[in-house]
Amino acid sequence: MREAIGGTAIFQIVIFFILLFTGFMCLSINHSKAFNVKNMIINTIERVEKIDLTNTENDEAIKEIVGYLKKNSYRTTGNCPPNYTGINREGKVDAKNSAFCIKAENVAKNPTEFPEMNYYRVVVFYQLDLPIFRSLFEFQVSGDTKIMYRTIGYDKLPNGTFIEG
């Protein structure tokens, strides 16, 4: 009888470590996918050099990002932090069920003397997703774009200088 109880305890320990290892593997795979999605979003915004958070359904960068999310089956959603614009998998603004969140940060202290300088902060979600228990914890990956310069209210001359428009 003693060997049967000892065998059951060892079996439970083995099952526990298998679940622990599976959870770690799921977490690392989901983190890797979220990290790749975040990098793709940042690269798209930097390549296009702008993103229109007021009209997301017609924005070129949002359309490209949403197409990438659908193509790579990124399905994780989450709640955006305060002051962020949440975009769902269809490219619409949704702060509660967002696939990713974007916030524009203004760098210029005096926009009348300098061109508008912005960078974008991007937040993407991933989860600890165990096969039997489903999602247990939600995590975030965030990143920033490089500083992008815009000249709102200014026209650029052919020689590269600016005049007030």
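Up top you'll find the structure we're talking about.
So, here's what we can say about the structure. (Residues numbered from 1 in each chain as written. Predicted model: local features only at pLDDT ≥ 70, side-chain atom pairs only at ≥ 80, totals over all residues. Heavy atoms only, no water.)

1. So, the packing of aromatic side chains
By convention here, two paired aromatic rings are described through the distance between centres and the angle between planes. This is how it is decided: Between 30 and 60 degrees the pair is tilted, below 30 it is stacked and above 60 it is edge-to-face, where a pair is any two Phe, Tyr or Trp rings, Trp via its six-membered ring, whose centres lie within 6.5 Å.
Per the counting criterion, the structure on display carries two aromatic pairs. Look at Phe16 and Phe17: their rings are 5.4 Å apart centre to centre, the planes differ by 70°, and that puts the pair in the edge-to-face class.

2. Let's talk about the nonpolar core
Stated precisely, the cut-off is as follows: Take the buried Ala, Val, Leu, Ile, Met, Phe, Trp, Tyr and Cys residues and link them wherever side-chain atoms come within 4.5 Å; each set so joined is a nonpolar core. Summary of the burial criterion: residues with accessible area below 20% of their type's maximum are buried, those above 50% are exposed, and those between are partly exposed, where the area comes from a 1.4 Å probe applied to protein chains only. Numbering of helices and strands runs from the N terminus, with a helix taken as a DSSP run of H or I at least four residues long and a strand as a DSSP run of E at least two residues long. The contact definition used throughout considers only heavy atoms, calling two residues in contact when any of these lie within 4.5 Å.
One finds Ile41, Ile45, Ile51, Phe100, Ile102 and Val124 to be the most contacted residues of the largest nonpolar core, which totals 30 residues. For this core, the secondary structure elements donating two or more residues are helix 1 (2-48), helix 2 (60-71), strand 2 (100-106) and strand 3 (116-130). Excluding its chain neighbours within four sequence positions, the residues that come into contact with Val124 are Ala34, Val37, Lys38, Ile41, Tyr74, Ala99, Phe100, Phe139, Gln140 and Val141.

3. Observations concerning the side chain of Asn88
Test applied: Two N or O atoms count as a polar contact when they lie within 3.5 Å, although within protein this holds only if one can serve as hydrogen donor and the other as acceptor, and sequence-adjacent residues are included solely when both atoms are side-chain atoms.
Relative to the assigned elements, Asn88 resides in the loop between strand 1 (85-87) and strand 2. Given the relative accessible area of 11%, Asn88 is considered buried. Within the local environment of Asn88, its side chain forms a polar contact with the backbone nitrogen of Glu90, the two atoms lying 3.1 Å apart. Side-chain polar atoms of Asn88 contact the backbone nitrogen of Lys92, separated by 2.9 Å. Contact partners of Asn88, with chain neighbours within four places excluded, come to Val66, Asp94, Asn97, Ser98 and Ala99.

4. Overview of a nonpolar patch on the surface
Threshold: Surface patches are defined over residues having more than 30% relative accessible area and no salt bridge, joining like charges when they lie within 9 Å and nonpolar side chains (Val, Leu, Ile, Met, Phe, Trp, Tyr) when within 5 Å. Computed with a 1.4 Å probe, the accessible areas rest on the Shrake-Rupley method; for each residue, only the protein chains presented here act as cover. Any carboxyl oxygen of Asp or Glu that lies within 4 Å of a side-chain nitrogen of Lys or Arg is treated as forming a salt bridge with it.
A cluster of nonpolar side chains, namely Ile10, Phe11, Val14, Ile15, Ile18 and Leu19, defines an oily patch on the protein surface of about 540 Å² accessible area. Residue position: Ile18 is located in helix 1.

5. Notes on the pattern of salt bridges
Tallying each qualifying case throughout the model produces three salt bridges. One salt bridge connects Lys103 with Glu105, and the closest N-O pair in it is separated by 3.2 Å.

6. Digging into unusual backbone geometry
Of note, Asn83 is a non-glycine position whose phi angle comes to about 70°, a positive value. Considering the arrangement of structural elements, one finds Asn83 in the loop between helix 2 and strand 1.

7. Some thoughts on the state of the cysteines
Keep this limit in mind: Here, a disulfide means two cysteine sulfur atoms that sit within 2.5 Å of each other.
Counting across every chain of the model gives one disulfide. Cys80 shares a disulfide with Cys101; S-S distance 1.9 Å. With the S-S bond torsion at -85°, the cross-link from Cys80 to Cys101 turns out left-handed. Highlighted residues: Cys80 in the loop between helix 2 and strand 1 and Cys101 in strand 2, separated in sequence by 21 residues. A relative accessible area of 15% means that Cys80 is categorised as buried. Taking the relative accessible area as the measure of exposure, Cys101 reaches 0% and is therefore buried.

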